[in-house]
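# Fold and contact review
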Amino acid sequence: MSDTRAGTSSSDPRVVAAIAHWAPRFVSNGVLLADFEEVTAGIERWEDWCAAWCERAKIHEALGREALAESFRLTAGEHLVRAAMYYHFAKFVFVHDQKQMREAHLRSVDCYSAALPLMRPAGERVAIPFEGKALYGVLRQPAPRAARPPILIMAPGLDSTKEELHAYEEPFLARGMAILAIDGPGQGEAEYDIPICGDYERAARAACDWIEKRSDLDPARIAMWGVSLGGYYAPRASAYEKRITACVAISGPFEWKELWAAVPGLTREAFRVRSHCASEADALRHAATLTMTEAAAKITCPLFIVTGRQDRLVPASHAERLAKSVSGPVKLLVVEDGGHNANNRPYRYRSLTAD
């Protein structure tokens with residue numbers, strides 16, 4: 001099945017919707033199944049979601065801090081990465097309570113930053129200049145490190161962040177590619193100051209400029225990858241930023257406004273807040289700027305598109321439309337029994353995207 005319906009005592013439709021839509025994502029991106037089942041089973045109201053996940057995150061964070069104090073660095077990193085994921089999923093669409101959400105977010109960033117030097121390969125927190133402000137990212141380079149490896153820019157989705165992309169990075173690192181996972185406009189650390197933008201090529205341009213200034217990366221071999229709304233951002237950026245020489249797009253919309261009425265209310269509200277819109281009507285008008293209608297034909301680099309036939313958030317028809325509209329070489333992988341991002345079947349595509 002494309003969904004996991006874990007048991008819950010809640011009759012709150014927001015809790016039920018979060019479990020129904022996102023259970024495979026949680027488990028495939030670092031949440032232990034037993035933790036997912038236990039935490040969600042105890043949540044009766046949506047208002048309790050963030051606190052419940054933070055409480056479970058604290059357990060993993062404490063294990064990480066203890067391991068680090070005992071100099072078990074690799075173990076500490078593993079625990080702290082998991083804690084970062086739990087804090088992230090505490091806040092991911094919890095936009096109605098900005099104080100709670102931001103506190104959980106800061107804990108996620110702190111745990112992940114503490115884990116960076118403990119990872120194999122290690123990670124580096126970076127700041128990318130962007131229109132008078134900064135976009136924060138994580139750079140990881142393959143081990144053993146090549147002189148100037150090719151680099152993949154990774155774009156998260158609407159309610160995702162650079163920290164959640166950790167689970168997607170390993171196949172690329174194993175194949176000798178460096179990874180630059182970024183929080184673009186409206187994402188992660190940028191969401192409080194920089195609104196979601198339809199022209200994500202602005203963020204890609206800033207990332208490419210930053211890469212060109214690094215002596216340890218190859219600016220002639222830049223690729224871009226995106227998942228969910230990032231599956232729109234990556235091909236959109238590739239249409240206009242020609243330093244991107246290859247692209248992977250996973251479950252991205254062709255026209256975001258076409259999905260507006262069908263996506264969960266939690267998603268619409270998260271988009272409104274992260275677009276810095278005052279009302280849902282304003283958010284819908286802003287959603288219309290996230291479009292591939294004119295951009296798709298401008299994509300000339302190789303493009304690999306992944307979608308799930310059972311996706312209830314972004315129908316596979318959007319991926320098929322993108323595949324038919326581009327000007328360059330394209331490969332479309334439809335995971336017939338896959339849900340959104342094919343998170344319930346990650347083995348069907350994650351290694352292939354790196355290949």
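Residues numbered from 1 in each chain as written. Predicted model: local features only at pLDDT ≥ 70, side-chain atom pairs only at ≥ 80, totals over all residues. Heavy atoms only, no water.

## A word on the confidence of the model for the protein chain
Confidence in the prediction of the protein chain, expressed as mean pLDDT, is 96, and 97% of residues score 70 or more. Per-residue pLDDT stays below 50 along residues 1–6; that stretch engages in 18 contacts with residues further than four places along the chain or on separate chains. (pLDDT = per-residue confidence, 0-100. Contact = heavy atoms within 4.5 Å.)

## Some points on the packing of helix 2 (residues 33–41) against helix 3 (residues 49–69)
At a minimum axis distance of 10 Å, the contact between helix 2 and helix 3 shows a crossing angle of 145°. The handedness of the crossing between helix 2 and helix 3 is right-handed. In this structure, helix 2 contributes D35, F36, E38, V39 and T40 to the contact, and helix 3 contributes W49, A52, W53, R56 and H60. The residue makeup of the contact of helix 2 with helix 3, split by class, is five nonpolar, two polar and three charged. (Axes fitted to C-alpha atoms, helices over the stretch in contact; angles between N-to-C directions. Helix = DSSP H or I, 4+ residues; strand = E, 2+ residues; numbered from the N terminus. Left-handed = near helix turned anticlockwise from the far one by under 90°. Nonpolar A, V, L, I, M, F, W, Y, C, P; charged D, E, K, R; others polar.)

## Looking at the nonpolar core
The tendency in soluble globular proteins is for nonpolar side chains to be buried side by side. Core analysis: the biggest nonpolar cluster contains 102 residues, and W49, W53, L180 and W256 have the highest contact counts within it. Among the elements that line this core, the one with the most residues is helix 4 (residues 73–91), at 10 residues. Apart from residues no more than four positions distant in its own chain, L180 is found in contact with V126, I128, V138, L139, I151, L152, I153, M154, A207, W210 and I211. By size, the runner-up hydrophobic cluster in this structure holds 21 residues, among which are L165, M177, W225 and I250. (Core = buried A, V, L, I, M, F, W, Y, C linked by side-chain atoms within 4.5 Å. Buried < 20%, exposed > 50% of the residue type's maximum accessible area, 1.4 Å probe, protein only.)

## What about helix 11 (residues 316–325)?
Residues of helix 11 that are buried include every one of A316, H318, A319, L322 and A323, and no others. All buried residues of helix 11 project into a common sector of 155° when viewed along the axis, lining one side. Contact partners of the buried residues in helix 11: helix 8 (230–240), strand 7 (303–308) and strand 8 (330–335). (Arc of directions from axis to C-beta.)

## Notes on the pairing of strand 3 (residues 151–155)
With respect to burial, strand 3 is a largely interior element, five of its five residues being buried. By the bridge criterion, four bridges tie strand 3 to strand 4 (residues 178–182) in an arrangement that is parallel. Bridge assignment links I151 to a residue of strand 4, and that residue is A178. With helix 6 (residues 166–174) bridging strand 3 and its parallel neighbour strand 4, the resulting β-α-β unit is right-handed. Pairing of strand 3 with strand 5 (residues 222–227) involves five bridges; the strand directions are parallel. Residue A155 lies in a different strand from strand 5, and its bridge partner there is G226. (Pairing = 2+ DSSP bridges. Right-handed = clockwise from strand over helix to strand, strands pointing away.)

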